[in-house]
Amino acid sequence: MAVYAVKWNRFHPKIFLSCSADWTVKMWDHTVKSPLIRFDLGFPVGDVAWAPYSSTIFSAITSDHKCHVYNLTIDKHSDVCDKKVIGGKLNKIAFNPT
């Protein structure tokens, strides 16, 4: 399956996220061969982004037009919220840097 995005954590230089057509977001330590955590979102995941203000918050978008937000400090197994975007296709996600 295709990997659509890889994003490094700016607070922890060994940690990065990947997202792919296999419906998953995976958190990796580049010194370890298998993912640290795997999140199954149920649809292909088109993009992922770390929050610029936190080492534990990230967001992902899926092909069913949803944005999922994760906060690993609160819950390491599921998103803290998700929102379906009506009337548009989601291709990329980014946090406002300010």
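Attention here is on the structure that accompanies the text. Predicted model, so just to flag it, every value in this text is computed and none were measured.

Cut-offs and rules
Note on numbering: residues in each chain are counted from 1, in written sequence order. Under the rules for a predicted model, residues below a pLDDT of 70 receive no local features and side-chain atom pairs below 80 are neither given nor counted, while totals for whole chains, interfaces and linings still include all residues. Here the side-chain values reflect all heavy atoms present in the structure, with hydrogen atoms and water set aside. Secondary structure elements are taken from DSSP: a helix is a run of H or I of four residues or more, a strand is a run of E of two residues or more, and numbering for both begins at the N terminus. Three exposure classes are used, based on accessible area relative to the maximum for each residue type with a 1.4 Å probe and protein chains only: buried under 20%, partly exposed in between, and exposed over 50%. Should DSSP find at least two bridges between two strands, the strands are taken to pair. Pairing of aromatic rings covers Phe, Tyr and Trp, the last counted by its six-membered ring, and requires centre-to-centre distances within 6.5 Å; plane angles under 30 degrees mean stacked, over 60 mean edge-to-face, and any other angle means tilted.

## Notes on the environment of Lys92
Thought 1: Of note, Lys92 is situated in the segment after strand S8 (81-84).
Thought 2: Residues Lys92 and Trp8, spaced 84 residues apart in sequence, show a C-alpha to C-alpha distance of 16 Å.

## Here's the deal with the pairing of strand S6 (residues 57-62)
Thought 1: Judged by how many residues are buried, S6 sits mostly within the fold: 6 of 6 residues are covered.
Thought 2: Side-chain alternation along S6 places Ile57, Ser59 and Ile61 on one buried face and Phe58, Ala60 and Thr62 on a second face that is also buried.
Thought 3: Judged from the 5 bridges that link them, strand S5 (residues 45-50) and S6 form a sheet pairing that is antiparallel. Residue Asp47 lies in a different strand from S6, and its bridge partner there is Ile61.
Thought 4: Where S5 folds back on S6, the antiparallel hairpin that results is connected by 6 residues.
Thought 5: Pairing analysis gives 5 bridges linking S6 to strand S7 (residues 66-71), with the strands arranged antiparallel. In the strand pairing of S7, Phe58 is matched with Tyr70.
Thought 6: The antiparallel pairing of S6 with S7 creates a hairpin that spans 3 residues between the two strands, and His65 there sits at a positive phi of about 70°.

## A short note on the pairing of strand S3 (residues 24-29)
Thought 1: The buried count for S3 comes to 6 of 6 residues, which makes it a mostly enclosed element.
Thought 2: Neither face of S3 is left uncovered, since the one carrying Thr24, Lys26 and Trp28 and the one carrying Val25, Met27 and Asp29 both have all their residues buried.
Thought 3: Both strand S2 (residues 15-20) and S3 contribute to a ladder of 5 bridges, which runs antiparallel. Among the inter-strand pairings, Leu17 is bridged to a residue of S3, identified as Met27.
Thought 4: Turn length for the S2-S3 hairpin, with the two strands adjacent in sequence and antiparallel, is 3 residues, and the turn residue Trp23 shows positive phi of about 80°.
Thought 5: As paired strands, S3 and strand S4 (residues 37-40) are joined by 4 bridges and run antiparallel to one another. Following the sheet pairing, Lys26 is matched in S4 by Arg38.

## Quick look at the packing of aromatic side chains
Thought 1: Throughout the structure, instances matching the rule amount to 8 aromatic pairs.
Thought 2: Between Trp50 and Phe58, the ring centres sit 5.7 Å apart and the planes meet at 70°, which makes this aromatic pair edge-to-face. No difference in accessibility class separates Trp50 from Phe58, as the two residues are buried.

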